[in-house]
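Coordinates in review
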Amino acid sequence: MTAILEVAPDEIRPRREAALEQMGIPRGATVPPHVERLYESAAEIFAETVAPAGVWNEIAVEAFAAVYRGEGRNAPDSPVLEIFPKAERLALFAVTIGGATSAALQRCFEAQDFALAYTLDAIASVAADDAADLTERRYAAALRADGWDTPDGDVLRYSPGYCGWDVTGQRRLFAYLQPEAIGLTLTESCLMQPLKSVSGVMIAGPRAIHRFRPTYPFCDRCETRTCRERLRTLFARREPVPYPERRHDRAG
Amino acid sequence: MTVLAEIASAVIDGDHDRVGALTRQAIGERLSPQAILDDGLIAGMTVIGDRFREHEIFLPDVLLAARAMYAGMDELRPLLVRDGVPSMGKVVIGTVRGDLHDIGKNLVGIMLKGAGFEVIDLGHDVAPEKMVDTAVEHGASVIGMSALLTTTMGAMSDVVALLKERRLDGRIRTIVGGAPVDEAFARTIGADAYGFDAGNAVDVVKRLVGRA
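Residues numbered from 1 in each chain as written. Chains lettered and ligands numbered in written order. Predicted model: local features only at pLDDT ≥ 70, side-chain atom pairs only at ≥ 80, totals over all residues.

Brief notes about the interface of chain B and chain A
To be explicit about the condition: Think of it this way: build a C-beta for each residue from its backbone, and any pair within 7 Å is a contact. Secondary structure is summarised from DSSP: a helix means a run of H or I of at least four residues, a strand means a run of E of at least two, and numbering begins at the N terminus for each. Only Asp, Glu, Lys and Arg are considered charged, only Ala, Val, Leu, Ile, Met, Phe, Trp, Tyr, Cys and Pro nonpolar, and every remaining residue, Gly among them, polar.
Taken together, the contact between chain B and chain A spans 21 residues of the former and 26 residues of the latter. Of all elements in the fold, only helix 4 (59-83) and helix 5 (103-114) of chain B reach the threshold of two or more residues within the side of chain B that touches chain A. It is helix 4 of chain B that contributes the most residues to the side of chain B that touches chain A, seven residues altogether. Partitioned by chemical class, the residues of the side of chain B that touches chain A number 13 nonpolar, five polar and three charged.

A word on the domain arrangement of chain B
Residues and elements named next belong to chain B. Definition in use: Throughout, the edges of the domains are those of an automatic or database domain assignment.
Domain annotation of chain B identifies domain 1 (3-83) and domain 2 (90-208). The straight-line distance from the C-alpha centre of domain 1 to that of domain 2 is 26 Å. Where the side of domain 1 that touches domain 2 is concerned, the elements lending two or more residues are helix 3 (33-53) and helix 4. Take the side of domain 1 that touches domain 2: its biggest share by element is six residues, from helix 3. Across the side of domain 1 that touches domain 2, the residue classes break down as seven nonpolar, one polar and one charged.

Structural notes on the nonpolar core
We count it as follows: In these notes, a nonpolar core means any group of buried Ala, Val, Leu, Ile, Met, Phe, Trp, Tyr and Cys residues linked to one another through C-beta atoms within 7 Å. Buried, partly exposed and exposed are defined by the number of other C-beta atoms within 10 Å of a residue's own C-beta, namely 20 or more, between the two limits, and 12 or fewer respectively, with C-beta atoms placed from the backbone.
Grouped together as the largest cluster of nonpolar side chains are 147 residues, with contacts concentrated most on Ile203(A) and Val11(B). Considering every element that reaches this core, the biggest residue donor is helix 6 (residues 114-145) of chain A, with 17 residues. Look past the residues within four positions of Val11(B) in its chain and what remains in contact with it is Val19(B), Leu41(B), Gly44(B), Met45(B), Ala65(B), Ala68(B) and Met69(B).

Topic: the confidence of the model for chain B
To keep it simple, the criterion reads: The predictor attaches a confidence to each residue, and that confidence, scored 0 to 100, is pLDDT.
Confidence along chain B averages 92 in pLDDT terms, with 100% of residues attaining 70 or more. Across the assembled chains, the prediction reports ipTM 0.75 with pTM 0.82.

Digging into the sheet that holds strand 7 (residues 197-206) of chain A
Residues and elements named next belong to chain A. Put simply, the test is: Pairing between strands requires that DSSP locate at least two bridges from one strand to the other. Angles shown run from 0 to 180 degrees and are taken between the N-to-C directions of axes, each axis being a line fitted to C-alpha atoms and, for helices, limited to the stretch in contact.
The five strands are arranged 1-2-3-7-4 in an open sheet whose pairing can be described as antiparallel. Each end of this open sheet is capped by a strand with a single partner; those strands are strand 1 (2-6) and strand 4 (153-158). The mean inter-strand angle of the sheet, taken between neighbouring strand axes irrespective of direction, is 20°. When strand 1 meets strand 2 (residues 53-58), the two strands line up antiparallel, connected through five bridges. For Leu 5, the partnering residue across the bridge sits in strand 2 and is Gly 54. Contacts from helix 7 (residues 170-177) reach strand 2, strand 3 (89-96) and strand 7 within the one sheet, and its direction differs from that of strand 3 by about 95°.

A word on the sheet that holds strand 2 (residues 118-121) of chain B
Residue and element names in this part refer to chain B. With parallel pairing, the five strands of this open sheet are ordered in space as 2-1-3-4-5. Strand pairing shows two members of the sheet lacking a second neighbour, strand 2 and strand 5 (193-194), which therefore form its edges. Sitting on the sheet, helix 7 (residues 155-165) is in contact with strand 3 (142-146) and strand 4 (173-177), with an inclination near 175° to strand 4. Its contacts with the sheet place helix 9 (residues 198-208) against strand 1 (90-95), strand 3, strand 4 and strand 5, and it is angled at close to 165° to strand 4.

As for the packing of helix 2 (residues 33-49) of chain A against helix 5 (residues 99-110) of chain A
All names here are of chain A. Rules: Roughly parallel here means an angle under 35 degrees, roughly antiparallel means over 145, roughly perpendicular means 65 to 115, and every remaining angle is called oblique. The crossing is said to be left-handed when, going from far helix to near helix, the turn is anticlockwise and less than a right angle, and right-handed when the turn is clockwise.
Where helix 2 contacts helix 5, the axes come no closer than 8 Å and their chain directions differ by 140°. When the interaxial angle is binned, helix 2 and helix 5 end up oblique. Note on packing geometry: the crossing formed by helix 2 with helix 5 is right-handed. Side by side, helix 2 and helix 5 meet where Ile 45, Phe 46 and Thr 49 of the first sit next to Ala 100, Thr 101 and Ala 104 of the second.

Structure (structure tokens):
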């Protein structure tokens, strides 16, 4: 099952609280008026530039094993390695908020409008994660429409660059998925262009298969800890998942 | 209030138009470029840095102040060059190969410039050879490296190793930072220093170049 994900720009709206938090302003803090104005200006630029698009392509467990193996640079043990053999369905995916927002961000930096650039960057990062969340929900809905009815079944995604999956894994992922169709390309060192994009694998199966202990060697140095948040949300939620509720692997 | 104090105050307020105008005024009054830089622009940024360190202000305030300082620097730069006023030092910064997360690195660059350093920002996904070659080419005394991912932080050790291989490690110092990085990691890979945030990175770089 291959799908080009069509996302209306207003499905990826700026989320004020999450963006401010990304900027180091805690939830509930009194936001000074000049920072509010900055946020409004950045949200306006974001609304004018965002052009989200996504793609997913289902893949067999055996085929994914080869994609995941990549160039052999993954951590010897990792959550994905533990989880994907138990999957009932899997799909590779890539989603982007488009290049225009990144270009606007660059222009802000070049104009030395650092505060505006920083605020726009925060909004865009949150939005890229939201776009990936949306992809995940659309895939789950497509699976259910296709007859997938595992009790307590759910979909969770994992991305190269995180949890021991080396970024060089992007090469095989891109070769299989071919997200060039939505304007996504890979640099020589495996970074996605446009920058505010997320790729990875969506794993469908009983929720319990996603449960893992964060005791891998790389967990000690990980400060994002989004896996914990992701698992908490997974086990707390009941379908349908309201939008937007979750935040996963960070977009750049 | 003297014009230099007014410049510092305008930097603190993040009022870039006013900083530009006051700097022009100070130049017109024939104040020394060094004094305008040290007692006006950098003095204002120092207050901002201290307030940020004490959690009295948010990062956007720092960035607004930095923009204001740059407005003054744009006026002052030709005079600093003419008079041969040395900067605090030259620093090459970049996010390491394979990593695209450069907002933290950008903040370090902005704050280093605010403290009077010359910064050569190589952007993200920077190969070790490029970091070292650029530092040599510009005569930089510090390379600052950033990474967000546990899967890319290893690239920092490639830069440190390359400096050693070329026997440049005594001349070019290294500072590392980013979410997965800590003091112990810096020691493990042989980096000279670790900066836990942008403000701290400036203090550490000052120490590395003997200007603390």
